[in-house]
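# Survey of secondary and tertiary structure
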Amino acid sequence: KAGTRPRNPKPLAIKSGDTSPQSKAALGLRRPDAAFDQKAGTRPRNPKPLAIKSGDTSLQAKMPRREAFVSGDYFVHPSSYIDEPCEIGAGTRIWHFCHIMAGARIGERCNLGQNVFVGSGVVIGNNVKIQNNVSVYPGVELEDDVFCGPSCVFTNVINPRSQIVRHSEYRRTLVRRGATIGANATIVCGVTIGRYAFIGAGAVVVSDVPDYALMLGVPARRRGWMSRHGHRLPEPDADGIMICPQSGWRYREVEPAVVRCLDWPEDEPLP
């Protein structure tokens, strides 16, 4: 009626040994079934962390403390969860708040940033870099040397509904060797992204992508060609040759929408 909100009460000066209800409320010592007091606008405060002394047998002292898992093969941050059984290759590093589900296969020398989810049955090759906040759902396969930028999105159902279970309808998404997926890009399920393709930030891929293609926009369209070293290739010369400005390697469109490197095989990693 008056358009006013109740004001928070002034803090009480609590004397040592005071056990009155007012003092207990001020200290956050409320009954477990007590509701939030909207009139007072107060909530119980979180207790300060306990200093655990040597030999302490209290419940707090007995609670397990998670530590980073470092084997001779790979590293897992203590905040992450690895469901068994799964495969993780040598040299792989899994950072904060990740979840690897049972049945996932992760290759060697991979790096999974903060808050990465890898679903059951997912296959990730060697030397794959997955940045923060990426979920790799069942049905997705990443070949060797793939780069997934921060918060890029994979899907596995083309027409999801909360009321309809479609676990048997997951569509396969394949990201081939050396491809780059930019930050916040979305990959609609059921497509293949070709070798060394480059998906620009924020693009939405809805169809197959050729090798070396530069894809931009919503929906994504091919806007050029990229070299294996991550540079946009210039217009072809009189002989149809496009030269990478970093490596000097030659590329040619051998047939419409099919580009090949003339100096190194597509299936071989960079020397």
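Preceding this paragraph is the structure being described.
Below you will find a few notes about this structure.

Analysis parameters
Residues numbered from 1 in each chain as written. Predicted model: local features only at pLDDT ≥ 70, side-chain atom pairs only at ≥ 80, totals over all residues. Heavy atoms only, no water. Helix = DSSP H or I, 4+ residues; strand = E, 2+ residues; numbered from the N terminus. Buried < 20%, exposed > 50% of the residue type's maximum accessible area, 1.4 Å probe, protein only. Contact = heavy atoms within 4.5 Å. Areas by Shrake-Rupley, 256 points an atom, 1.4 Å probe, with all protein chains shown as cover. 1 Å grid on protein atoms, 1.4 Å probe; cavity = no way out; pocket = protein on both sides within 12 Å on 5 of 7 lines; lining within 4 Å. Points joined across faces, edges and corners; volume = space filled by probe spheres on them. Nonpolar A, V, L, I, M, F, W, Y, C, P; charged D, E, K, R; others polar. Phe/Tyr/Trp six-rings, centres within 6.5 Å; stacked < 30°, edge-to-face > 60°. Lys NZ or Arg CZ within 6 Å of the ring centre and 35° of its normal. Pairing = 2+ DSSP bridges. Axes fitted to C-alpha atoms, helices over the stretch in contact; angles between N-to-C directions. Core = buried A, V, L, I, M, F, W, Y, C linked by side-chain atoms within 4.5 Å.

Bringing the overall build of the chain into the picture now. Secondary structure summary: the chain contains two helices and 26 strands in total. In the chain, buried positions account for 32% of the 271 residues. Taking as baseline every contact in the chain between residues at least 6 positions apart, the subset at least 24 positions apart corresponds to 18%. Accessible area of the chain: about 17,000 Å², with a carbon and sulfur share of 51%.

As a further point, take the layout of surface pockets. Of the volumes computed, that of the second largest pocket is approximately 210 Å³. Taken together, 14 residues make up the lining of the second largest pocket; nearest its centre are Asp-145, Gly-178, Tyr-196, Arg-228 and Leu-270. In terms of residue class, the lining of the second largest pocket is made up of eight nonpolar, four polar and two charged.

What follows deals with the packing of aromatic side chains. Applying the stated rule across the entire model yields five aromatic pairs. Ring centres of Phe-117 and Tyr-137 lie 6.0 Å apart, and the angle between their planes is 50°; on these two criteria the pair is classed as tilted. Linking Phe-117 in strand S9 (residues 117–118) with Tyr-137 in the loop between strand S12 (135–136) and strand S13 (140–142), this pair joins segments that are 20 residues apart in sequence. Overall, the relative accessible area of 19% leaves Phe-117 in the buried class. For the pair Tyr-212 and Tyr-251, a centre-to-centre distance of 5.3 Å together with 75° between the ring planes defines the contact as edge-to-face. A residue pair is termed long-range when its members are at least 10 positions apart, and Tyr-212 in the loop between strand S21 (204–205) and strand S22 (213–216) and Tyr-251 in strand S25 (residues 250–255) qualify at 39 residues. For the pair Tyr-212 and Tyr-251, one class covers both residues: buried. Put simply, the rings of Tyr-196, Tyr-212 and Tyr-251 touch in pairs and so form one group of aromatic residues. Across the ring face of Phe-75, the terminal group of Arg-93 is positioned such that the distance to the ring centre comes to 5.0 Å.

Attention now goes to the sheet that holds S25. Hydrogen bonds between backbone atoms are what pair the strands of a sheet, whose relative direction is either parallel or antiparallel. Strand order in the open sheet formed by three strands is S24-S25-S26, and the pairing between neighbours is antiparallel. Of all strands in the sheet, those with a lone pairing partner are strand S24 (241–243) and strand S26 (258–261), marking the two edges. Averaged over all neighbouring strand pairs, the angle between strand axes comes to 35°, with direction disregarded. As paired elements, S24 and S25 share three bridges and run antiparallel to each other. Note that in S25 the partner of Ile-243 across the bridge is Arg-250.

What follows is about the nonpolar core. Core analysis: the largest hydrophobic core is formed by 50 residues, its most contacted members being Leu-112, Ile-130, Leu-142, Phe-154 and Ile-181. Mapped by element, the contributors of at least two residues to this core are S13, S22 and S26. In this structure, Ile-130 is in contact with Asn-111, Leu-112, Gly-113, Val-116, Ile-124, Val-136, Leu-142 and Cys-148, ignoring residues within four places of it in sequence.

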